Every structure is written in C-alpha cells, then in structure tokens.
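Summary of the model geometry
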Amino acid sequence: MARPRSILEPLLLTLLSPILVLMLAQAGAAGAVGSVRLAGGLTLGGLFPVHARGAAGRACGQLKKEQGVHRLEAMLYALDRVNADPELLPGVRLGARLLDTCSRDTYALEQALSFVQALIRGRSDGDEAAVRCPGGLPPLRAAPPERVVAVVGASASSVSIMVANVLRLFAIPQISYASTAPELSDSTRYDFFSRVVPPDSYQAQAMVDIVRALGWNYVSTLASEGNYGESGVEAFVQISREAGGVCIAQSIKIPREPKPGEFSKVIRRLMETPNARGIIIFANEDDIRRVLEAARQANLTGHFLWVGSDSWGAKTSPILNLEDVAVGAITILPKRASIDGFDQYFMTRSLENNRRNIWFAEFWEENFNCKLTSSGTQSDNSIRKCTGSAGTPVMFNENGDAPGRYDIFQYQAPNGSAGSGGYQAVGQWAETLRLDVDVLRWSGDPREVPPSQCSLPCRPGERKKMVKGVPCCWHCEACDGYHFQVDEFTCETCPGDMRPMRNHTGCRPTPVVRLTWTSPWAAPPLLLAVLGITATTAVVATFVRHNNTPIVRASGRELSYVLLTGIFLVYAITFLMVAEPGAAVCAARRLFLGLGTTLSYSALFTKTNRIYRIFEQGKRSVTPPPFISPTSQLVITFSLTSVQVVGVMAWLGAQPPHSVIDYEEQRTVDPEQARGVLKCDMSDLSLISCLGYSLLLMVTCTVYAIKARGVPETFNEAKPIGFTMYTTCIIWLAFVPIFFGTAQSAEKIYIQTTTLTVSLSLSASVSLGMLYVPKTYVILFHPEQNVQKRKRSLKATSTVAAPSKVGAMRSPGLQ
C-alpha cells in the first residue's frame, strides 16, 4: 500500500526532530492523563472526538456520546475480541493508546505526537546525552514510551489530514472510520492513510441523485470550515454542475470559530433566496445543532428541507430537543451492520467494570443526568443501542478508500409528534439511487414533496425567459395576443387564418362570419328596401295606368320611367349587399352598386340641365335650345350611364370578381373575439370608386339646381329637384365620416354595410318622395287637378325670362 518515500523525508524528519521533542514535552503530561491505555505487545493508537470543541479559549467542550464514547468503546470491544481469540493473533496481545481529539485539528495534532514519541526518542538519544540540568545534575529519564504500530482514526477529515501528515513521516499506517474528505484519496500525499468509509465524492453523488429524485433544482449548501465540509460541498457543486439540472443558490461556510450571532446570520443569508428550501449540509455535529437552533429562533420551523451528510447520519445528538425543526430531514450514512455482541457489551458497562475508560464516568453523568459521588451512582440498563460496521467484509480500492454504499434515512414524526419521531430507512445508494418516495413524509402535506425550485413551472401557454447566469431560474411570460407556445422557451404567431387556443398551447381556425339575413344589422336596411321597392312599384304602376294624363306627361314620361328604374335598383342593391358573397353576387354588386344611382342622377342631371338651358335661352332668343326633345333626353341620360357601365365591365374583365375571407378586418385585441369576414374582393376604396361617378353626377346636378333656383314656380320640377339634391348631399356628407370612421372597428362589416345601404335607400327615398309621391297623391286622390292647362308659347317664356321677371308661362313638353 505504501509507496517509496522521497529522499527528502529523512532529511526533513532529522530537521524536525528537535521541534517535535519540544512539542512532546509540552503535550506529554496532558497525553499521559488524557488517554486510555491498554498494555500489549503491539500498541494501536486511537483518535476519537470524545468532546466537542471548546469555547472561550477552552480546548474541549461538551461530551459527545455517539461520535466519541460509543466509538471508543467499540474499539475497546474489538480489541477484547481479538485478544480473546487464540487463532487470530497467536502469541500476540494488542494494546492501545486512545486519545481525545476534542473535535479540533490543532489539539488532535498535539495529542497524536505521543504516537511517534518512541520513534523520536530513539532518534534523539544522542542529543539527550548532552543535556544538563541547572546545577550539573543529569536529567530525569522517564520510562520509554510504547511504540505505536498503527493508528485508528480520526473522525473529522481535518483532524485526519493533520495527523496523517505527521504519521507518514514515520511510516505509521492510519485507518479512519469516519473521515470522508475527497482530498484523502490522493495516494501520493496520504500514502499511509486508508479508511473504511467511502469518500465524499460518492456521498456528494448520492446527494445530487437524491435532490434530482425529489424534483428539486435550486438548493443552497452549508459547510463547516475545514476539509470535510468544504471538500464535500465542492464535490456536490462540481457533480451537480456536470450532471446539470441543479443550481446552487448560495454556498455558505460556517467559520471554524463562529462568533455570537453567526448562525442567525447564516439563516438570514439562506432566506435571501427563500425558494431554495433544500439545504445541503456538510457540517460537523455541533454546527448542525446550532443551525437548527437558529432556524427555530427565526420561526422558520418547517421551511428548510435538510439533506444531511454522514456527519448527521442517524444520530440523535444533533437534533436532541430540536426534533420539530428536523422533521423531514433526509440524511445519508455509510452502510453498516448491527453487532449483537457489542450491544450486550455496552449495555453491561458500569462504573465498576469499566474503569479503563477514563471518560466513562463523565458519560455516566451525562447520560443519566446525575452527579457522581465518591461511591458512584447506579442506573438502570436503558443504554441506547449502538451499531458498528464490523461483521461485513472490509475492502479498499487503490486509493485506500472503501466502496460507496450508503443507507438513506428520513427523520419522521408519526402522527405529527416530533418528539416521538425517529429515523426511517427510505432508500439506498450503491452507484445508483434507490429511493422509495412513497414512504417519505413531510411537514404540511405529508405525502407531497415540498418544492425547492427557483421558479415554479410555467403554466400552459407561458414560455420561460431565463435569468442570465442562473440556468434554473426563469420568468414566465404569457404567450399573449395571437401567439401560441411552440415549446417551453418559444412563442410564435398563429397563421393569419387561425387564432390561439384559450390556453395558447396551439392554434385553431378562426370562425368566419358575414352579414346574414337574420342579423340585427340587416333589419333596418332590408325594411327600408322593401318599403322603397313597394312604394316605387306603386308609383310606377300609377304612372303606367295614368300614362296619358297631364301630370304624367308634364313630368316627362320617358325620363321619369328611367329615374324610377334607377330608384328601384338603388333599393334592390340592399339585397345584394346582404346576400352571401360569391362570384355571381360579387359581380352583381360591382355592376348594380353604382348603376342605380348613376341612372337616377343622370336622369336628374338631364332634367335640370334642360330646364336651365331653356331658361337661359329664353333670355337671349325665342329660338328653342337644342336637344330638349324626349328622345334627346334619353340619349343624353343613357350616354352618361354608359360611362359607369363601361368602367365596371372593364373592371370585371381585368379583375374577375370572387369572394375572400378577410381575417384582418376583425382581428381584435382579444383573440377570442377574432373573426374572419366573408366578403367580396372590394376594398373600401374600390367600393367608393363604384359610387364616385354617381357622386360626381350628384354634385353637378346640385350645381344646376342652384343655378335654376330662379325659375318661376310654373316650371314645377325645378324646385323639387333642387330640394332633392340638397337633401341628398346632406345624406352623403353624413355617410362619408361614418363609413370611414368605422374602418378600425371590430363591427366594420356590419356598420359599413348598414350605413351604405341605408344612405342609398334614403337618397332614393328623397328622390321618390320629393318628385313623385306628390304627383301620385294628386293623381289618386285629386283627379280634378290632373287636367290640361292652356299652353304658353316660347315667346311668352322669353318674356317671363326677361329682367322684369313678371308673368309665367309653360313651354311645350314641360307640362
């Protein structure tokens, strides 16, 4: 197991011998009274933390029963068993010198120097010959110390490291029963060191596996200053980083000599990251206890989820009277076996039969809460059962380490009573983890594993926005609007014809709507259209029936029928605007949307232009103006109308009509309100363009109506046409802001269609009501007024048109 020692080591040993002799002189007295001695042919050394670290300058503190006295008694029991068996070491009796390390590496080193005392004395006999005391007297020579052939211990890794650096100089083998620091696996530095427990690298791997099995990804680490705590945490951090999925919120180190209030400060620091409830603790027994006390004082019982290393294990001393804080703690302990013989041995120890253990009396007082008298006190046999690791094969690898095999425990409180709780085995680890999650119990909901996560999982429809530098922390951002969740980190926009599902985890088709016959928006336009068509039909029927009467002939029968046809088409367009869009319907919309108004305003323009020209001609001459005959009027009207028809036909040829689904028109802020609109491929601009020519005719006709406002009342159609055009202009001036002002509205398709059809119907109703309803009323209800009046000559018209503007006349064809 040992490697060839360096040639510098003998030289180093020679140089250090005088120093070691002086240190031995200082530690000799303390070592003589502070040790357990057993005589034998071969002496084994032993290092045990019988006491805790002392405070306020004292070397040693309180007695440690489990880590100290129990282990020391286990070694005494083992020596008794070996010495009692004649077949194990025939002719050889093992002796021992067992020391208290007081859980402090520097104190342990002073004590351990007695192990090499015999070797140093042998090397320095020549130097002692030259030593003279004051007065010339020779020095007193003590009995030569026994030579220690091997050392068992120590417990704390920091103590083992300190002692191993000295023992290797003298080639003294050392075997530890509890030191687990990974540093001790370095066989080039600790070539005479071995241990029967696995190193912390295995333990750290087991703890990482436990954390991941519990679903935790955000934990803090807590370590006692020294090789054990710092190396354990370092191994845990490195393994968790390599494995991924676990982030370290904080790594806190407990000072070797903590100041008052230090542990309260530790708890406050842990609460800086309250979501990191899992605390990985590599600390000595004393520090564990004080951390639990500080957590209770901070009223944080049940908040932290402890994962303790083998220094906690299944011991009761770290949690004595602190059981409520420790409920749910998961601890790890190297695999061990119970030895019935030791149980019987330890339970029969008493002050009378165990005088070789100089600390047993102190243990007796501590265990039974009594004070010994000169004769001692008696007690019952309620000594706690102890276990050891003997009885199983002991193996070492090439680094002197035992294989990694652990039992996993959880401190559980049955029925919520922490005081009556205990450690329950919940799993094992031997290269792989076997954890029975179903038997775990927690404070709060006993069967639900509490979370220890930086960020809770995002809900469906939310993506993770990672926090820079902390891979386990993120913010959840909702995939809002029309975005849906592609994966846990990405949101994308749904295609144009789709909208996100309610939870934004996918997309679904957007519902398609249109203006239907049963829609409330369609009711007013359809009602106006039906009434208008009914009224127009009644007027046409009346005019046809009384076609040769004076009123019908005076109104210009040919143009009147053209104008009434246009009014009828204007009413009829309402039904095309409400009908379901298709190729035929869209073509009809393009054709008839502007045709009815164009036909109406062309006829009105022709009428007003004719009146104006006759009136103006009469001012200058008695010769009638050209193109005032009925045939000429029809030609002018249809010529003006043909411009609209030719334009629409060219549009139909260049861009064949079809229906489209517009998903942008009702793409509201709330996707649940989004709708696709089935409509014809006509933009707002193209729709207005259909009416643009009609509006131009309307404006021109209005101009002529204004110019003809001075015509005498005997020219009975000039005034009504003027009022018709004024009212129509007002209607369309109101239409424009309403139509374009609702372009961004979610109800655009309904508002614009209703506004357009109602405006068209109103303009047609104005024309019908102003120009033909009075005539129809006279024809039907006052036939006595529907008689021929005497004719006036064009000369008379010229006279009336003179500046005097007196008299009245009627020209042929105007009656």
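Since the structure is predicted, the reported quantities are computational estimates derived from the model, not experimental observations.

Tallying each qualifying case throughout the model produces four cavities of 30 Å³ or more. Along the wall of the largest cavity there are 20 residues; nearest its centre are Met 577, Arg 589, Lys 679, Ile 749 and Thr 753. Elements with a minimum of two residues in the lining of the largest cavity: helix H16 (557-578), strand S25 (675-680), helix H19 (684-707) and helix H21 (748-771). When residues in the lining of the largest cavity are grouped by element, the largest group, four residues, is from H21. Among the residues forming the lining of the largest cavity, the class breakdown is 11 nonpolar, three polar and six charged. Of the voids in this model, the second largest cavity is the one considered here, and its volume is about 50 Å³. For the lining of the second largest cavity, the secondary-structure elements that each account for two or more residues are H16, helix H17 (583-620) and H21. For the lining of the second largest cavity, a count of residues per class yields five nonpolar, five polar and no charged.

This next bit is on the sheet that holds strand S16 (residues 432-435). Spatially, S10-S9-S11-S12-S13-S14-S15-S16 is the arrangement adopted by the eight strands of the open sheet, whose pairing is mixed. At either margin of the open sheet sits one strand with a lone partner, and together these are strand S10 (247-254) and S16. Across the sheet, the mean angle separating the axes of adjacent strands is 25 degrees when strand polarity is ignored. Note: strand S13 (residues 330-334) against strand S14 (residues 406-412), five bridges, orientation antiparallel. Looking at the pairing, Leu 333 lines up with Asp 407 of S14. Of the strands in this sheet, strand S9 (218-224), strand S11 (278-282), strand S12 (305-308), S13, S14, strand S15 (422-430) and S16 are in contact with helix H7 (residues 200-213), which crosses S11 at around 170 degrees. Lying over the sheet, helix H10 (residues 285-297) contacts S9, S10, S11 and S12, oriented at roughly 180 degrees with respect to S12.

Turning to the side chain of Ser 452, a few remarks are in order. Mapping Ser 452 onto the fold places it in the loop between S16 and strand S17 (462-467). There is a polar contact of 2.7 Å between the side chain of Ser 452 and the backbone oxygen of Tyr 218.

Below, the discussion takes up the nonpolar core. Counting 50 residues, the largest nonpolar core has Leu 593, Leu 604, Trp 732, Leu 756, Leu 760 and Tyr 772 as its most contacted members. The contacts of Leu 756, once residues within four sequence positions are left out, are Met 577, Leu 593, Leu 687, Leu 691, Trp 732 and Phe 735.

Here helix H8 (residues 227-243) spans 23 Å end to end across 17 residues, near enough to the 24 Å set by a 1.5 Å rise per residue. When H8 is considered as a whole, its buried residues turn out to be Tyr 228, Gly 229, Ser 231, Gly 232, Val 233, Ala 235, Phe 236, Val 237, Ile 239 and Ser 240. Buried-residue contacts for H8 involve helix H6 (157-167), H7, S9, S10 and S11. Backbone geometry just after H8 places Gly 244 at a positive phi near 75 degrees.

Our next topic: the pairing of S15. Where S14 and S15 come together, seven bridges link them in antiparallel fashion. Note on S15: the bridge partner recorded for Asp 407 is Gln 428. Both S15 and S16 contribute to a ladder of four bridges, which runs antiparallel. Note that in S16 the partner of Gln 428 across the bridge is Arg 434. Remark: one residue form the turn of the hairpin made by S15 and S16, two consecutive strands paired antiparallel; Glu 431 in that turn has positive phi of roughly 75 degrees.

Averaged over all residues, the pLDDT of the chain equals 82, while 84% of them reach at least 70. In the predicted structure, residues 1-33 sits below a pLDDT of 50 and forms 41 contacts with residues beyond four places in sequence or in another chain. Every residue in residues 791-815 scores below 50 in pLDDT, and together they form 49 contacts with partners more than four places removed in sequence or on other chains.

A covalent bond between the sulfur atoms of two cysteines is what we call a disulfide. As enumerated under the stated definition, the model contains seven disulfides in all. Bridging Cys 458 to Cys 476, the disulfide has an S-S length of 2.0 Å. The sign of the S-S torsion, about -95 degrees, decides the handedness of the disulfide formed by Cys 458 and Cys 476: left-handed. One end of the pair, Cys 458, is in the loop between S16 and S17; the other, Cys 476, is in strand S18 (residues 470-478), and 18 residues separate them in sequence. With no disulfide of its own, Cys 701 has Cys 729 as its nearest cysteine by sulfur position, at a separation of 8.9 Å.

Side chains of Lys 259, Lys 265, Arg 268 and Arg 269 sit close together on the surface and give a patch of like positive charge. Tracing the backbone through its elements, the reader meets Arg 269 in helix H9 (residues 262-270).

About the cut-offs
- Residues numbered from 1 in each chain as written.
- Predicted model: local features only at pLDDT ≥ 70, side-chain atom pairs only at ≥ 80, totals over all residues.
- Heavy atoms only, no water.
- 1 Å grid on protein atoms, 1.4 Å probe; cavity = no way out; pocket = protein on both sides within 12 Å on 5 of 7 lines; lining within 4 Å.
- Points joined across faces, edges and corners; volume = space filled by probe spheres on them.
- Helix = DSSP H or I, 4+ residues; strand = E, 2+ residues; numbered from the N terminus.
- Nonpolar A, V, L, I, M, F, W, Y, C, P; charged D, E, K, R; others polar.
- Pairing = 2+ DSSP bridges.
- Axes fitted to C-alpha atoms, helices over the stretch in contact; angles between N-to-C directions.
- Contact = heavy atoms within 4.5 Å.
- Polar contact = N/O pair within 3.5 Å; in protein donor to acceptor, adjacent residues only side chain to side chain.
- Core = buried A, V, L, I, M, F, W, Y, C linked by side-chain atoms within 4.5 Å.
- Buried < 20%, exposed > 50% of the residue type's maximum accessible area, 1.4 Å probe, protein only.
- Expected span 1.5 Å × (residues − 1).
- pLDDT = per-residue confidence, 0-100.
- Disulfide = S-S within 2.5 Å.
- Patch = residues over 30% accessible without salt bridge, like charges linked within 9 Å, V, L, I, M, F, W, Y side chains within 5 Å.
- Areas by Shrake-Rupley, 256 points an atom, 1.4 Å probe, with all protein chains shown as cover.
- Salt bridge = Lys/Arg side-chain N within 4 Å of Asp/Glu carboxyl O.
- Lys, Arg positive; Asp, Glu negative; His and termini not counted.
- Charge placed at Lys NZ, Arg CZ, Asp CG, Glu CD.

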